[in-house]
Amino acid sequence: MTWMVTTAKKYLSDTCNALLRPYQNASPFRKRLVDDQRRTSRVTTILQIIPIISFTALMTLFFATMFSSEAAVYIGNRLGLKQKSEIITFLGIGMGGVLVAVQALMAYKRSKAMEDVVDAHARANRNTELGQRQERLKNAIEHLGHGSDSVRLGGAYELFHLAQDNVELRETVFEILCSHIRGTTRKVGYQQSSKATPSEEIQSLMNLLFVKPHDVFENLMADLQGSHLNGVDLTRARLSGALLSKTRLHGASLSDANLVGAFLADAQLQGAYMVRAQLQGAFLFNAQLQDANLGKSQMQGANLCEVRFQGANLAWAQMQGTNLIGVQMQGVNFLETDMRGAVPRDLEHLKVKRIVQMIGVESDLSSVTFHGGLNADTIQSLVIGLSDSEATQLKNRLSSEIDREPSSRPPENVITGAYSKEEVSGWMAGYQF
């Protein structure tokens with residue numbers, strides 16, 4: 001039996017050396033694990049072999065103990081055990097533990113293989129979806145540039161549905177559609193054919209983006225600067241913070257529209273219907289609002305510097321804390337129009353700060369022209385953009401202001417004075433500035 005003991009010793013020595021060899025130079029080995037994926041794979045292979053080697057070694061020792069007394073004594077001494085039964089029990093438990101480890105390893109490998117398959121399918125699906133999405137986007141943009149109105153509108157709806165399905169594309173699609181509106185309506189041919197009312201394509205796009213109830217483009221600010229949108233119907237439209245400078249909106253319907261914080265500098269809104277429009281904190285520098293209907297509109301904190309309101313309806317309009325430098329209001333219908341805290345002072349527009357700063361401040365309307373200061377040529381320039389009937393009506397309303405001395409004295413129906421902090425809280429409720 002001596003040869004069995006010798007063989008077992010040699011086997012144990014070789015096994016231990018084989019197991020320890022990868023770790024004899026630990027630091028470089030760890031570095032290789034990080035830097036080299038190939039060596040990492042090698043370590044993984046070694047770790048998978050360890051249970052098999054361990055099981056083989058334990059099995060060899062088990063049989064050596066069973067059939068050789070010398071081997072049993074040697075192994076018992078190495079393990080600190082005296083009884084042969086204890087040695088056999090110990091080695092048997094060890095083999096059982098190794099078998100459990102082997103089974104766990106095999107189960108892990110099967111699970112990992114299944115995960116790899118699932119990941120591969122997921123990647124394939126993602127690649128397929130990405131390809132389909134790119135194809136849909138490409139087709140929709142191509143349709144948007146088509147010569148037919150109906151095909152272009154179809155392309156717009158394709159983009160809309162694409163944005164519905166893909167949150168990450170919403171801002172891109174929104175900008176593409178706004179750019180399409182700007183580009184289309186700025187063309188001379190379009191403006192000649194749609195002087196007073198928008199085309200079916202443009203009206204449908206405006207409905208889709210700003211009127212129909214959905215949250216696809218929520219919190220995105222439209223850029224429609226310089227667009228030709230005369231006569232467009234934007235009733236209850238969502239245009240908070242929109243960029244609408246130099247936009248033509250003659251005769252447009254903007255009743256109940258949300259234009260909070262909108263940028264409307266130099267916008268042309270002659271004859272626009274803006275009853276109950278929300279214009280808190282909006283910037284309307286030099287906007288043209290002749291003959292516009294702004295009854296019950298909310299304009300608290302708006303910058304109305306140089307705005308032309310001649311012949312407009314401002315009955316029950318809320319204009320507290322506004323900037324009224326150089327505003328023209330000849331022939332305006334005033335009925336409980338609230339101008340408390342309105343002063344000829346430019347603070348911060350597009351923010352609630354101006355309204356807050358004007359709390360407790362008395363109105364100063366010295367820069368506002370309520371009456372007079374007009375002549376025939378001036379009135380003729382004010383009716384540009386209005387229909388013949390609207391122009392005639394405005395001229396009649398302003399006829400009494402011709403050759404009359406300018407006056408900044410507010411009519412009796414205008415409410416002046418200061419407002420309170422509590423009132424500001426009510427105006428701000430539900431709105432974001």
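Residues numbered from 1 in each chain as written. Predicted model: local features only at pLDDT ≥ 70, side-chain atom pairs only at ≥ 80, totals over all residues. Heavy atoms only, no water.

Chemist: An account of the overall build of the protein is requested, with residue identities and associated values reported.
Modeler: Per the secondary structure count, the protein includes 13 helices and 2 strands. Looking at the protein residue by residue over its 433 residues, the buried ones come to 40%. Partitioning the contacts of the protein with sequence separation of at least 6, the portion at a separation of at least 24 is 43%. With the model as given, the accessible surface of the protein reaches about 22700 Å², and the carbon-plus-sulfur share is 54%. (Helix = DSSP H or I, 4+ residues; strand = E, 2+ residues; numbered from the N terminus. Buried < 20%, exposed > 50% of the residue type's maximum accessible area, 1.4 Å probe, protein only. Contact = heavy atoms within 4.5 Å. Areas by Shrake-Rupley, 256 points an atom, 1.4 Å probe, with all protein chains shown as cover.)

Chemist: Could you give an account of the pattern of salt bridges, with specific residues and numbers?
Modeler: Per the stated rule, a full pass over the model turns up 9 salt bridges. Put simply, Arg152 and Asp149 hold a salt bridge, and the shortest N to O gap is 2.3 Å. Residue Arg152 and its partner Asp149 are both found in helix H6 (residues 149-165); the two are separated by 3 residues, about one turn of the helix. Among the residues examined, Arg152 registers a relative accessible area of 13% and is labelled buried. (Salt bridge = Lys/Arg side-chain N within 4 Å of Asp/Glu carboxyl O.)

Chemist: Tell me about the nonpolar core, and name the residues and values.
Modeler: Phe309 and Met329 are the most contacted members of the largest nonpolar core, which totals 71 residues. Listing elements by their share of this core, those giving two or more residues are helix H5 (84-144), H6, helix H7 (170-185) and helix H9 (200-211). Aside from chain neighbours lying at most four places away, what touches Phe309 is Leu289, Gln290, Leu294, Leu304, Leu314, Met319, Val327, Gln328, Met329 and Val332. (Core = buried A, V, L, I, M, F, W, Y, C linked by side-chain atoms within 4.5 Å.)

Chemist: Please provide a residue-by-residue account of the packing of H6 against H7, values included.
Modeler: Close contact between H6 and H7 brings their axes to 8 Å; oriented N to C, the two are set at 160°. What the angle tells us is that H6 and H7 run roughly antiparallel. The interaxial crossing formed by H6 with H7 has left-handed handedness. Of H7, the residues touching H6 (which contributes Arg152, Ala156, Leu159, Phe160, Ala163 and Gln164) are Arg170, Val173, Ile176, Leu177 and His180. When its residues are assigned to classes, the contact of H6 with H7 shows 7 nonpolar, 2 polar and 2 charged. (Axes fitted to C-alpha atoms, helices over the stretch in contact; angles between N-to-C directions. Parallel < 35°, antiparallel > 145°, perpendicular 65-115°, else oblique. Left-handed = near helix turned anticlockwise from the far one by under 90°. Nonpolar A, V, L, I, M, F, W, Y, C, P; charged D, E, K, R; others polar.)

Chemist: Explain the side chain of Asn166 to me, using residue names and the numbers behind them.
Modeler: In this structure, Asn166 sits in the loop between H6 and H7. Looking at Asn166, the relative accessible area reads 14%, which means it is buried. A distance of 3.0 Å separates a polar side-chain atom of Asn166 from the backbone oxygen of Leu162. (Polar contact = N/O pair within 3.5 Å; in protein donor to acceptor, adjacent residues only side chain to side chain.)

Chemist: Let's hear about the packing of aromatic side chains: which residues, and what values?
Modeler: Each aromatic ring pair is characterised by the separation of its centres together with the angle its planes make. All told, the structure shown has 6 aromatic pairs when counted by the stated rule. Ring centres of Phe160 and Phe217 lie 6.0 Å apart, and the angle between their planes is 65°; this geometry places the pair in the edge-to-face category. On the criterion of sequence distance, the pair formed by Phe160 in helix H6 and Phe217 in the loop between H9 and strand E1 (337-338) is long-range, its members being 57 residues apart. In terms of burial, Phe160 and Phe217 fall into one category: buried. Ring geometry for Phe174 and Phe217: centres 5.0 Å apart, planes at 35°, overall tilted. Here Phe174 is found in helix H7, whereas its partner Phe217 is found in the loop between H9 and E1, with 43 residues between them in sequence. On the basis of relative accessible area, Phe217 is assigned to the buried category, the value being 6%. Here a set of aromatic residues connected by ring pairs shows up, and it is made of Phe160, Phe174, Phe210 and Phe217. (Phe/Tyr/Trp six-rings, centres within 6.5 Å; stacked < 30°, edge-to-face > 60°.)

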